[in-house]
Amino acid sequence: MNPKFEKLGFYPADILLPKQGTDMTKWAVVACDQFTSQPEYWQAVEDTVGDAPSALRLILPEAGLNAPDVDERIAAVNAAMDRYLDGGLFETLEESLIYIERVQSDGKIRHGLLGMVDLEQYDFTPGSGALIRATEGTVLSRIPPRVKVRKDAPIELPHVMLLIDDPNKTVIEPLTRASGEMEPLYSFPLQQGGGSITGRRLTAAQMDRTADALEVLCSPQEQAWKYGVKDAPPLLFAVGDGNHSLATAKQCYEDLKKVTPESEWASLPARYALVEVVNNHDDALQFEPIHRCVFGVKPEEVLEAFLAYYPGAYEGRGEGHAVAYTHAGGEGFLTVPQPRVQLAVGTLQAFLDGYVKEHGGEIDYIHGADVTDRLGRREGSIGFKLPAMGKQQLFKTVMADGVLPRKTFSMGHAQDKRYYVEARRIR
């Protein structure tokens, strides 16, 4: 491995890409944790892909994690991975970083850098001092089903996006200006309204310069300037998308360590995870709120319980934390005038967790206000819409307070999430 990256927990990787001649539009599909309450989306993907080679065969959309035939689906995914590997579908780009330009559905271009992270340098524990940290609470109960998908898989396909706090734009933006020096790898439209994507391979000199720039970002001087802290463990990467996916990779690695001599840990392919790095200050990167829908409940009873849960809360929009709701019988706002936490999402989530535990129902996390309204108007459902969090607060909040409430924000609309394009062997 390139020694320049040793202090960063981030490295070039042996990256697998489908060979030339593959229909890349059919190959690439959106992150598996999107459109979980919209089976029509995944059916449209199925119809588009047909019998062509596709990452769709290598993932399990999370809408199917609790399906009665989930074990059979996981076995089919692992079998497809073996079939693609044995059939020579992939070519390997050794010790590589890939510069990515993603044209989003709004026409803006998001810039990224694909490589792998060392899971020894990642910790999702609240208050961790690791170089790579979670930004929101990790739901431990959500990890075991995902471990079942990954533990026997020969390859991984990443939808994890890590953020760097680089206001002076020293890491990725110079790559944009020098992209003409890179080896072109792919450029194609993404299906289902996902925009388009272009990937280029960095030169050796560009990788060295990138490592130098990242090292400056985690220097004590940089941390003191940005966060006003001294002698605190540096925060280089914050998980923007795919928190539970990266936590699953960490768990699988920790499980392997239990049955592997410590002298061999460094050589375990599962010690690393493929990720895309994006600058939090990228002009195309927008933080969207993640809304909530609760299914299998009586909306009026949910609203009454909310008002009882927070003494002083009232119907209508006012000062404090105001949360919009929609159900079949109408819409409105609930306001908590003197909230106990910083963000409205924390106020709502604390109530919802307790309510479904006591009364039943199922919470889903929804991208898009229109979708939330539509789902909330279904019989036996209610949707809650939350305000957006300013992205400039993300790193400062994680440094000061640890993690945010889970599902606090989303980086853009659902169709602008990471599409599976690249892969990497993990065993």
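Sequence order sets the numbering: in each chain, residues are counted from 1 along the sequence as written. Only residues with pLDDT of at least 70 are given local features in this predicted model, and only at 80 or more are side-chain atom pairs given and counted; all residues enter the totals for whole chains, interfaces and linings. To get the side-chain values, take all heavy atoms of the structure and skip hydrogens and water.

Asks: Sorry if this is basic, but what is going on with the pattern of salt bridges here?
Replies: When the charged atoms of two side chains with opposite charge come close together, those side chains can pair. Every case where a carboxyl oxygen of Asp or Glu lies within 4 Å of a side-chain nitrogen of Lys or Arg is listed as a salt bridge. Throughout the structure, instances matching the rule amount to 23 salt bridges. Measuring nitrogen to oxygen at the nearest pair gives 2.9 Å for the salt bridge that ties E156 to R150. Residue E422 pairs with R418 through a salt bridge whose shortest N-O separation is 2.9 Å. Think of it in three bands: with a 1.4 Å probe and only protein chains considered, a residue is buried below 20% of the maximum accessible area for its type, exposed above 50%, and partly exposed in between. The exposure class of E422 is buried, given its relative accessible area of 0%. Salt bridges here are not isolated pairs; linked through shared partners, they connect E120, K250, E254 and K257.

Asks: So what exactly am I meant to see when it comes to the environment of L268 here?
Replies: Counting from the N terminus, the helices are DSSP H or I runs at least four residues long and the strands are E runs at least two residues long. Topologically, L268 is positioned in the loop between α8 (243–257) and β14 (272–279). For the pair formed by L268 and Y253, sequence separation is 15 residues and the distance between their alpha carbons is 8.3 Å. L268 has contacts with Y253, L256 and T260, leaving out every residue within four places of it along the chain. Every residue pair with non-hydrogen atoms within 4.5 Å of one another is taken to be in contact.

Asks: What exactly am I supposed to notice about empty space enclosed by the protein here?
Replies: Sizing a probe to match a water molecule and rolling it over the atoms shows the empty space that remains. Within this scheme a cavity is a closed region of a 1 Å grid, computed over the protein atoms alone, that accommodates a 1.4 Å probe without allowing it to escape, whereas a pocket is open but has protein on both sides within 12 Å along at least five of seven lines; lining residues each have an atom within 4 Å of a point. Grid points are joined across faces, edges and corners, and a volume is the space filled by probe spheres set on the points. Counted by the stated rule, this structure contains 3 cavities of 30 Å³ or more. Taken as a whole, the largest cavity holds about 620 Å³ of empty space. What lines the largest cavity is a set of 44 residues, and nearest its centre among them are C32, E62, H159, S245 and Y420. At the level of secondary structure, the elements contributing two or more residues to the lining of the largest cavity comprise α3 (70–86), α4 (143–150), β9 (155–156), β13 (237–241), α8, β14 and β21 (409–411). At 6 residues, α8 tops the list of elements feeding residues into the lining of the largest cavity. Under the convention adopted here, Pro, Cys and the residues Ala, Val, Leu, Ile, Met, Phe, Trp and Tyr are nonpolar, Asp, Glu, Lys and Arg are charged, and Gly plus all remaining residues are polar. Residue classes in the lining of the largest cavity are distributed as 23 nonpolar, 11 polar and 10 charged. Space inside the second largest cavity adds up to approximately 80 Å³. Around the second largest cavity sit D33, Q34, F35, T36, S37, Q38, D364, Y365, I366, H367 and A414, which together line it.

Asks: Whenever I open this one, the side chain of S219 confuses me. Can you help?
Replies: Along the chain, S219 turns up in the loop between α6 (204–217) and α7 (220–227). Think of a polar contact as two N or O atoms within 3.5 Å of one another; within protein, one of them needs to be a possible hydrogen donor and the other a possible acceptor, and neighboring residues in sequence only count if both atoms come from side chains. A distance of 2.8 Å separates a polar side-chain atom of S219 from the backbone oxygen of V216.

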